[in-house]
Amino acid sequence: MKALLIALTLSSVAFAQVRVTIEAPPPPTLTISADIRIALVPGIVVVERFPEPQGIVVVYRSSQVAQVYAHHHRDLVSRGWTRVKYQAGGGSYKSEYRKGRAKAKLEVRDRRGRIEVRIKEG
């Protein structure tokens, strides 16, 4: 009887599972205008960011230009924007988006280990 109790106890310990959930905070969001907001690419270092007339420039330290473009494209689409123009080549991507009457432009360029992202309204 004692052996059976020990066997049951040991077998229940062997099947015990511990589930750990780690929740990462959402990436910081930049507000460009009342219509345009973007989330920064998680896990990539922002070297600088500065405002422009009707927009913003964000410079990342990375060589993954396609992934950075894809992140910002998905972010805009998830916020209700529709891509109406697209051009890629030579390490750069350009897109235009519409959301109702509002317009936005996304440009992503590879600058030798730095990726420059320019987002403008209109």
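Before any of the text, the structure's been laid out above.
For clarity, every value in this text was computed on a predicted model and none was experimentally measured.

S.K.: Describe the nonpolar core, naming the residues involved and giving the relevant values.
M.R.: One recurring pattern in soluble globular proteins is that nonpolar side chains are buried together. Counting 23 residues, the largest nonpolar core has Tyr-60, Val-68, Leu-106, Val-108 and Val-117 as its most contacted members. Mapped by element, the contributors of at least two residues to this core are β4 (55-61), α2 (65-78), β6 (92-99), β7 (102-110) and β8 (114-121). Not counting the four nearest positions on each side in its chain, Val-68 is found in contact with Val-41, Ile-44, Tyr-60, Val-108, Ile-115 and Val-117.

S.K.: Outline the sheet that holds β8, supporting the account with residue identities and numerical values.
M.R.: The strand order across the open sheet formed by six strands is β3-β4-β8-β7-β6-β5, and the pairing between neighbours is antiparallel. Each of the sheet's edge strands pairs with one partner strand only, and the pair in question is β3 (45-52) and β5 (82-89). Between one strand axis and the next, the sheet turns by 15° as a mean value, whatever way the strands run. Strand direction decides the pairing type here: β5 and β6, joined by seven bridges, are antiparallel. The residue of β6 that forms the bridge with Arg-83 is Tyr-97. Docked against the sheet, α2 engages β4, β5, β6, β7 and β8, running at close to 165° with respect to β7.

Criteria and cut-off values
- Residues numbered from 1 in each chain as written.
- Predicted model: local features only at pLDDT ≥ 70, side-chain atom pairs only at ≥ 80, totals over all residues.
- Heavy atoms only, no water.
- Core = buried A, V, L, I, M, F, W, Y, C linked by side-chain atoms within 4.5 Å.
- Buried < 20%, exposed > 50% of the residue type's maximum accessible area, 1.4 Å probe, protein only.
- Helix = DSSP H or I, 4+ residues; strand = E, 2+ residues; numbered from the N terminus.
- Contact = heavy atoms within 4.5 Å.
- Pairing = 2+ DSSP bridges.
- Axes fitted to C-alpha atoms, helices over the stretch in contact; angles between N-to-C directions.

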